[in-house]
Amino acid sequence: MSVPSMANFIVKRPWLSRWMVPLSKWYKDAAGYRKLGLRSDDLIPEENEIVQLAIKRLSPKEAYDRVYRMRRAFQCSLQHQLLPRQEWTSDEQDYQYLSPIIEEIEKERSEREDLESMVIKKPQPGSKVK
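Being a predicted model, the structure only gives us computed values, none of them experimental. (Residues numbered from 1 in each chain as written. Predicted model: local features only at pLDDT ≥ 70, side-chain atom pairs only at ≥ 80, totals over all residues. Heavy atoms only, no water.)

Visitor: Before we move on, could you go through the nonpolar core and cite the residues and values that matter?
Guide: Core analysis: the largest hydrophobic core is formed by 10 residues, namely Ile44, Ile50, Val51, Ala54, Leu58, Tyr97, Leu98, Ile101, Ile102 and Ile105. Only α3 (49-57) and α5 (99-116) provide two or more residues apiece to this core. If you look at the next biggest cluster of nonpolar residues, it comprises six residues, including Leu38, Ala73, Cys76 and Leu83. (Core = buried A, V, L, I, M, F, W, Y, C linked by side-chain atoms within 4.5 Å. Buried < 20%, exposed > 50% of the residue type's maximum accessible area, 1.4 Å probe, protein only. Helix = DSSP H or I, 4+ residues; strand = E, 2+ residues; numbered from the N terminus.)

Visitor: Tell me about the pattern of salt bridges, and please be specific about residues and values.
Guide: For the coordinates displayed, the defined rule picks out 11 salt bridges. Of the charged contacts in the structure, one is a salt bridge between Arg69 and Asp42, with a shortest N-O distance of 2.7 Å. Placement of Arg69 in helix α4 (residues 60-79) and of Asp42 in the loop between α2 (14-31) and α3 is noted, with a sequence separation of 27 residues between them. Residue classification places Asp42 among the buried residues on the basis of a relative accessible area of 4%. The salt bridge involving Glu87 is made with Arg72; its shortest N-O contact spans 3.6 Å. (Salt bridge = Lys/Arg side-chain N within 4 Å of Asp/Glu carboxyl O.)

Visitor: Describe in detail unusual backbone geometry, supporting the description with residues and values.
Guide: Phi at His80 is positive, roughly 55°, even though this residue is not glycine. Along the chain, His80 turns up in the loop between α4 and α5. For His80, a relative accessible area of 74% corresponds to the exposed category.

Visitor: Lay out the side chain of Thr89 with the relevant residues and their values.
Guide: With respect to the helices and strands, Thr89 occurs in the loop between α4 and α5. Its relative accessible area of 9% is what places Thr89 among the buried residues. Side-chain polar atoms of Thr89 contact the backbone oxygen of Gly37, separated by 3.3 Å. There is a polar contact of 3.0 Å between the side chain of Thr89 and the backbone oxygen of Leu38. Ignoring sequence-local partners within four residues, the contact set of Thr89 consists of Arg34, Gly37, Leu38, Arg39 and Asp94. (Polar contact = N/O pair within 3.5 Å; in protein donor to acceptor, adjacent residues only side chain to side chain. Contact = heavy atoms within 4.5 Å.)

Visitor: Describe the environment of Arg109, listing the residues and the values that go with them.
Guide: For Arg109, the position within the fold is in helix α5. The class for Arg109 is partly exposed, based on a relative accessible area of 26%. When the C-alpha atoms of Arg109 and Ile50 are compared, they prove to be 9.5 Å apart, with 59 residues separating the residues in sequence. The contact partners of Arg109, leaving out residues within four places of it in the chain, are Glu49, Ile50 and Leu53. Among the polar contacts made by the side chain of Arg109, one reaches the side chain of Glu49 at a distance of 3.1 Å.

Everything listed here is a matter of geometry and, on its own, says nothing about what the molecule does.
Quick look at the structure:
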């Protein structure tokens with residue numbers, strides 16, 4: 001699920017950051033999901049088993065808010081309308097709430113695979129342990 005990110009590369013180079021930050025803000029605005037009241041993590045497809053597990057780990061309030069945002073956006077889409085400007089998602093409200101949980105689950109799975117594939121060798125009787 002994790003996608004390689006160039007964020008660290010861009011942030012470490014101020015000249016590149018001056019170009020990319022305004023471009024990224026423009027792209028977020030042009031994408032249109034904020035005009036429907038959604039957050040960026042609301043756009044992650046739910047068909048993946050890891051994402052479904054992450055949604056189950058959300059707090060009840062965050063899960064309720066997510067469903068509310070999705071239903072409201074779907075209703076706006078059916079009516080071919082946007083939300084009033086004061087209800088659009090702002091930069092401060094558009095934070096990642098699901099991605100950190102997904103990354104945590106992926107780390108847990110990789111750790112579990114590493115532990116399950118571990119081979120333990122018992123010393124043979126009569127051999128010296130170094």
